[in-house]
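Each chain, written out:
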Amino acid sequence: MKKFVRWLAKVFKAEITVDKIVYVDRIIEKYLPDNGEITGNVTIDGDLKVTGALTVTGEITCYKIKEGDAS
């Protein structure tokens, strides 16, 4: 369909402008401590990617939500 419209515009020498609208669906906040250490409780909503080592003193709890689970 795009090719047909472009062909018609070319044949009739019409100028067509294209506007692209980009919606941002999430805000990304990055907290980078000066000494490379975060103390206290940390809650992450979204994906977490660790490049390097992860050292934890305490507990890590990980939940996986199954897609399409109605319960």
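Look above for the structure.
Residues numbered from 1 in each chain as written. Predicted model: local features only at pLDDT ≥ 70, side-chain atom pairs only at ≥ 80, totals over all residues. Heavy atoms only, no water.

Enquirer: Account for the overall build of the chain, naming residues and giving values.
Expert: Scanning the chain from N- to C-terminus turns up one helix and zero strands. Relative to the globule expectation of 11 Å for 71 residues, the C-alpha radius of gyration of the chain, 24 Å, shows a markedly less compact shape. Seen through its principal axes, the chain has C-alpha atoms that stretch 70 × 40 × 20 Å. Expressed as a percentage of its 71 residues, the buried residues of the chain come to 1%. Surface summary for the chain: the accessible area is close to 8800 Å², and the carbon and sulfur share equals 54%. (Helix = DSSP H or I, 4+ residues; strand = E, 2+ residues; numbered from the N terminus. Rg over C-alpha atoms; globule rule 2.2 N^0.38 Å. Buried < 20%, exposed > 50% of the residue type's maximum accessible area, 1.4 Å probe, protein only. Areas by Shrake-Rupley, 256 points an atom, 1.4 Å probe, with all protein chains shown as cover.)

Enquirer: So what's going on with the environment of D34? Which residues, and what values?
Expert: By the secondary structure assignment, D34 is in the segment after α1 (2-11). Sequence separation between D34 and E15 is 19 residues; the distance between their C-alpha atoms is 53 Å.

Enquirer: Any chance you could break down unusual backbone geometry for me, citing the residues and the numbers?
Expert: Negative phi values dominate among residues other than glycine, just as trans dominates among peptide bonds. Residue K13 is not a glycine yet carries a positive backbone phi of 55°. In this structure, K13 sits in the segment after α1.

Enquirer: Can you tell me about a nonpolar patch on the surface, naming the residues and giving the values?
Expert: The grouping of M1, F4, V5, W7, V11, F12, I16 and V18 at the surface amounts to a nonpolar patch, some 950 Å² of accessible area in total. Note that V5 resides in helix α1. Since its relative accessible area comes to 38%, V5 is described here as partly exposed. (Patch = residues over 30% accessible without salt bridge, like charges linked within 9 Å, V, L, I, M, F, W, Y side chains within 5 Å. Salt bridge = Lys/Arg side-chain N within 4 Å of Asp/Glu carboxyl O.)

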